[in-house]
Each structure stands twice: as C-alpha cells, then as structure tokens.
Amino acid sequence: MTIKSDLWLRKMVEETKMIDPFLPELVREVDGHKIISAGTSSYGYDMRLADDGFRIFSSLYGNEIDPKRFDEDSLIEPELRTADDGSRYYLLPPHHYGLGVTVETFRMPRRVTGVALGKSTYARTGLLVNTTPLEAGWTGRLVVEIGNFANLPLRVYVNEGIGQILFFESDEDCGVSYEDRGGKYQGQTGLTFAKV
C-alpha cells in the first residue's frame, strides 16, 4: 500500500468522481484574497470546511456527552461572521470543540483508504483537526472534528482548507468494505452526530 500522488488523484477523480466538487490544483487565493489553501497538493487533497452545519459543544444546554445516546442539545450553532476582506468564518471559543462538515463529497473506491489530518497553518494557531479514516467503500461528506487548544478565540474559515487527506491504494480489494458492512455513517450528506 503506497501513498498516492496528485497525478493519481486527478486520474481517479476523472474516472470515478472520487471527490466532488474537486479542485485539481492547490488554490491559495480567490478573487484577489488569500485563503487557507484548498485542493490538490503533491500527495494529498486539502479539504474545505462547509458553511452549513457547524456546531460547538456547550455546557449551557447539555450535562454530559454520551456517544451511545448523543444529545444534540449539547451543541450550539455559532454565528457565521464576515471578515473585512469578505471571507466568512466561525469563531471557536478557547478550549472548545466543534463539529463541521466538508464542502466535498467523497466516494472511496474499494481499494482506496484515506486518512484526514490537520493543516499546519491551523495547528500553529492552536487548532487540532482530529485524525479520521475514510474507509474503502465509504461515501459521504466528511464530518470534521476540531478543537481550539489556544487561550484565545480562533477563526475557523469556511470554504477554505481545514485539513488534508492522504490517499492509500492497496494492490488487492478488501474482503468487506465499509459499504458492504452497512457502515453507520455511509451516505451522510451533512453534519452527522455520534452513533452506535
């Protein structure tokens, strides 16, 4: 199993629509304004945070978080703000954890698994993006789990890069894919909370 390049990624998207919408090059500027990079890099893809479905955990309405019986009341929807340059962002308070969803929908082929990681630009400001697998056969918009470990509020920009996915291809099909076993997050189209 090897990590796959930008050339492979463009070919796979053309043949299988593995990422939609897809940015074939790394984008660092939109309409004359700098953005946190998004799109295809040398050995990966910088996924973007969507502007729908972002939530932050809050103790205002919830008493605890139970992954077996998830209480949506433990989450609040923050205000979507606009910066001076027109870019939009959510403000993640210090030492808070949030859930968002990618702009992109992923369709993982049977021989391919992805690993989502954080971006160094955000890591250097205190934002941690949880490492998440995109299993062979999984389809959907990826839920991104992020934490602000800084002592200050942190801007989390939408429609800009939030993390990177590395793709690995096996030389053989897996016996049972995520789709085959009826994975609980198969086909998610928006923010999906913890399930058992």
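In what follows, the accompanying structure is described. (Residues numbered from 1 in each chain as written. Predicted model: local features only at pLDDT ≥ 70, side-chain atom pairs only at ≥ 80, totals over all residues. Heavy atoms only, no water.)

## Thoughts on the overall build of the chain
Moving on, step 1. Along its length, the chain carries two helices and 16 strands.
Moving on, step 2. Relative to its length of 196 residues, the chain is compact, with a C-alpha radius of gyration of 17 Å against a globular reference of 16 Å.
Moving on, step 3. With respect to the three principal axes, the spread of C-alpha positions in the chain is 50 × 45 × 25 Å.
Moving on, step 4. Buried residues in the chain amount to 46% of all 196 residues.
Moving on, step 5. Sequence-distant contacts in the chain: of pairs separated by 6 or more residues, those separated by 24 or more amount to 73%.
Moving on, step 6. Accessible surface for the chain amounts to roughly 10500 Å². Of this, 48% is attributable to carbon and sulfur atoms.
Moving on, step 7. Here the chain carries 22 positive and 29 negative side-chain charges, and the mean point of each set is 2 Å from the other. (Helix = DSSP H or I, 4+ residues; strand = E, 2+ residues; numbered from the N terminus. Rg over C-alpha atoms; globule rule 2.2 N^0.38 Å. Buried < 20%, exposed > 50% of the residue type's maximum accessible area, 1.4 Å probe, protein only. Contact = heavy atoms within 4.5 Å. Areas by Shrake-Rupley, 256 points an atom, 1.4 Å probe, with all protein chains shown as cover. Lys, Arg positive; Asp, Glu negative; His and termini not counted. Charge placed at Lys NZ, Arg CZ, Asp CG, Glu CD.)

## Quick word on the pairing of strand β11 (residues 112–118)
Moving on, step 1. Looking at chain direction, β11 and strand β16 (residues 161–169) are connected through seven bridges and run antiparallel. Note that in β16 the partner of valine 115 across the bridge is leucine 166.
Moving on, step 2. Relative to strand β13 (residues 132–134), β11 runs antiparallel, the two being bridged by three bridges. From the neighbouring strand, glycine 114 faces β13, where its bridge partner is leucine 134. (Pairing = 2+ DSSP bridges.)

## Brief notes about the sheet that holds strand β8 (residues 81–82)
Picture the strands of a sheet paired through backbone hydrogen bonds; they go either parallel or antiparallel.
Moving on, step 1. Read across the open sheet, the three strands follow the order β8-β9-β15; overall the sheet is antiparallel. With one partner strand each, in any of the chains shown, β8 and β15 (154–157) form the two edges of the open sheet.
Moving on, step 2. With two bridges connecting them, β8 and strand β9 (residues 88–92) associate as antiparallel partners. What sits directly across from threonine 82, in β9, is arginine 88.

## Overview of the packing of aromatic side chains
Moving on, step 1. The final tally for this structure, using the stated rule, is seven aromatic pairs.
Moving on, step 2. Between phenylalanine 22 and tyrosine 45, the ring centres sit 5.6 Å apart and the planes meet at 20°, which makes this aromatic pair stacked. Of this pair, phenylalanine 22 sits in the loop between β2 (19–20) and β3 (26–30) while tyrosine 45 sits in strand β5 (residues 44–48), and the two are 23 residues apart along the sequence. By the burial criterion, phenylalanine 22 is buried, and tyrosine 45 matches it.
Moving on, step 3. Here tyrosine 89 and tyrosine 157 contribute two aromatic rings whose centre-to-centre distance is 5.6 Å and whose plane-to-plane angle is 55°, an arrangement assigned as tilted. With tyrosine 89 in strand β9 and tyrosine 157 in strand β15, the pair connects residues that are 68 residues apart, well separated along the chain. (Phe/Tyr/Trp six-rings, centres within 6.5 Å; stacked < 30°, edge-to-face > 60°.)

## Let's talk about the nonpolar core
Moving on, step 1. With 37 residues, the main nonpolar core has Ile162 and Phe167 as its most contacted residues.
Moving on, step 2. Counting residues per element, the ones that place at least two in this core are α1 (6–16), β5, β9, β11, β12 (127–129), β14 (139–148), β15 and β16.
Moving on, step 3. Each residue touching isoleucine 162, except ones within four places of it in the same chain, is listed here: Met47, Arg48, Leu49, Lys119, Tyr122, Leu127, Val129, Val144, Ile146 and Val156.
Moving on, step 4. Among the nonpolar cores identified, the runner-up in size contains seven residues, and Phe57, Phe70, Val143 and Phe193 belong to it. (Core = buried A, V, L, I, M, F, W, Y, C linked by side-chain atoms within 4.5 Å.)

## A look at the pattern of salt bridges
Moving on, step 1. Taken as a whole, this structure holds 14 salt bridges when the rule is applied.
Moving on, step 2. Its salt-bridge partner being glutamate 15, residue lysine 11 comes within 3.9 Å of it at the nearest N-O pair. Of this pair, lysine 11 and glutamate 15 both sit in helix α1, four residues apart, roughly one helical turn.
Moving on, step 3. Note that lysine 17 is salt-bridged to aspartate 20, the shortest N-O span being 3.7 Å. (Salt bridge = Lys/Arg side-chain N within 4 Å of Asp/Glu carboxyl O.)

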